[in-house]
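Examining the three-dimensional arrangement
The residues making up each chain are set out below.
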Amino acid sequence: MPHLSVNGPSGSPLAGLPYLRDATSRRASSWDQTGGNDDYISIPANSTTTIADLAGPGCIRHIWITAMCADQFYLRKVVLRAFWDGETIPSIECPLGDFFGVGHARVNHFASLPVNMVTGDRVIGYNRAAMNCFFPMPFARGARFAVQNDSDQPVSHFYFHIDYENYSVLDDRLGRFHAQWRRENLTEPAPETSLISEQPDQEKNLTGEHNYVILEAEGWGHYVGCLLNVTNVNAFSQNHPWFGEGDDMIFVDGEPWPPRLHGTGTEDYFLAAWGFPGEYSMPYHGVTLGKDDWSSAGEWSMYRFHIEDPVYFRRSIRVTIERGHANNQANDYSSVAYWYQAEPHRLFPTLPAFESRLPIIQRQSERPTHS
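Counting from 1, residues in each chain are numbered in the order their sequence is written. Restriction of local features to residues with pLDDT of at least 70 applies here, the model being predicted, together with a cutoff of 80 or more for giving and counting side-chain atom pairs; totals for whole chains, interfaces and linings are based on all residues. The basis for every side-chain value is the complete set of heavy atoms in the structure, and neither hydrogens nor water enter the calculation.

**Some remarks on the pattern of salt bridges**
Using the following cut-off: Each reported salt bridge corresponds to a side-chain nitrogen of Lys or Arg within 4 Å of a carboxyl oxygen of Asp or Glu. We count a stretch as a helix when DSSP gives it H or I for four or more residues in a row; a strand needs E for two or more, and each element gets its number in order from the N terminus. Any residue under 20% of the maximum accessible area for its type is buried, any over 50% is exposed, and the rest in between are partly exposed; the area is computed with a 1.4 Å probe on protein chains only.
The final tally for this structure, using the stated rule, is 16 salt bridges. Here Glu218 ties to Arg346 by a salt bridge, and the two come within 3.5 Å at their closest N and O atoms. Of the two residues, Glu218 is situated in strand β14 (residues 212-218) and Arg346 in the loop between β23 (332-341) and α4 (362-365); the sequence distance between them amounts to 128 residues. Taking relative accessible area as the criterion, Glu218 reaches 42% and is therefore assigned partly exposed. Of the residues examined, Arg346 reaches a relative accessible area of 34% and is grouped as partly exposed. For the salt bridge of Glu255 with Arg260, the shortest nitrogen-to-oxygen distance reads 2.5 Å. Among the residues examined, Glu255 registers a relative accessible area of 33% and is labelled partly exposed. Arg260 gets classed as partly exposed once you look at its relative accessible area, which sits at 45%.

Next up, the structure:
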């Protein structure tokens, strides 16, 4: 049956292209309906705008967004939400920049398979880029996208394309796409030295209790990856400055210790080794913001997509990572988790107010050690 899979019977985007499908291609966009060239909408300060309200059954195949705002932190103050099939609570709730793969209210040029940014400009405060998402997002009855602007400045130019397909029938095996933003900032108030332990390599972690939590979900589904942002304020401490010793630990279906998936270090989970080589991007893993030397100070954004190796769960999943070995560091962590599941989904944690979403001031993130 041509409607059974959004990628054709093969399950592969390229191999599935020859299969004829019972689908109609459509697009919702910000085009100027007067016929002029003002192909954008404006989103007033402190307001919410619905940018698309689509009828199903169907599937989002691509989202492109670019925007302009005088607020240098608008990429954290503007929130993207999506609702499937008449939901009243969102399945996507995420600051705009983080959703597309770069945190800290920044943009950067990178390419991965499901999300990317295209920009030649990295000036803090300018922050304009083309942002793309290719995660398929099925819906049976409808899909609604809303953009909330928490800035006191308008988003003067907001351009978007939402490319989607309509079907006669939607396979009931298709889960719904979810994306959730979280943050845990242990740097405020910033101590003279941020390390929790004086002998970090001697500490043990045999519970995972104090790990940073990327995702907690309930139901039937599969986790397909994350963006992790770290502002490393430990970089100049005299003990262990490197946040990359933190292991990933993924607990599935309420199983007790040890977790079903236990990693060997943060850079290992993000598919590098012996540290990161600076910024780089590959189809399923990379560093979208970081240092091009061996310093680990300042702001980092890393992605790992489980496209070929999704993590399946039947009842629940808890995706965590240590903040340095055995959680011996006190840094600023934030993240976006991406996953599919059958509805209904567990209620998301309350999204912090915009003041609690802002990046740490740069001078604090790179302050020298006090003797």
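Let us keep going from here.
**Thoughts on the environment of Asn234**
Note that Asn234 resides in the loop between β15 (221-232) and β16 (248-252). We classify Asn234 as buried; its relative accessible area is 0%. Between the C-alpha atom of Asn234 and that of Gly324, which follows or precedes it by 90 residues, the distance is 9.8 Å.

**Here we look at the pairing of strand β5 (residues 78-84)**
Our working definition: Pairing between two strands requires that DSSP report at least two bridges joining them.
In terms of burial, β5 is a largely internal element, seven of the seven residues being buried. Residues Val78, Leu80, Ala82 and Trp84 point to one face of β5 and Val79, Arg81 and Phe83 to the other, with burial holding for every one of them. Pairing geometry for β5 and strand β11 (residues 142-149), over seven bridges, is antiparallel. Paired with Val78 across the strands is Asn149, a residue of β11. Across four bridges, the pairing between β5 and strand β6 (residues 92-95) is antiparallel. Residue pairing for β6: Leu80 is matched across the bridge by Cys94.

**What to know about the pairing of strand β4 (residues 58-69)**
The buried fraction of β4 amounts to ten of the twelve residues, a majority that puts the element mostly inside the structure. Summarising the sheet, β4 and strand β10 (residues 137-139) pair through three bridges and their orientation is antiparallel. Across the sheet, residue Cys59 finds its bridge partner in β10, namely Pro138. Bridging between β4 and strand β9 (residues 130-133) involves three bridges; their strand directions are antiparallel. Paired with Ile63 across the two strands is Cys133, which belongs to β9.

**Topic: the sheet that holds strand β17 (residues 261-262)**
One open sheet accounts for four strands, arranged β14-β22-β16-β17; its pairing is antiparallel. Edge positions in the open sheet fall to β14 and β17, since each of these has one partner strand only.

**Structural notes on unusual backbone geometry**
With an omega dihedral of 5 degrees, the bond running from Gly56 to Pro57 counts as a cis peptide bond. Relative to the elements of secondary structure, Pro57 occurs in the loop between β3 (47-55) and β4. Cis geometry marks the peptide bond from Glu343 to Pro344; its omega dihedral reads 5 degrees. On the secondary structure map, Pro344 appears in the loop between β23 and α4. We note that Ala105 has phi near 55 degrees; this positive angle belongs to a residue other than glycine. Mapped onto the elements of the fold, Ala105 is located in the loop between α2 (96-99) and β7 (110-111).

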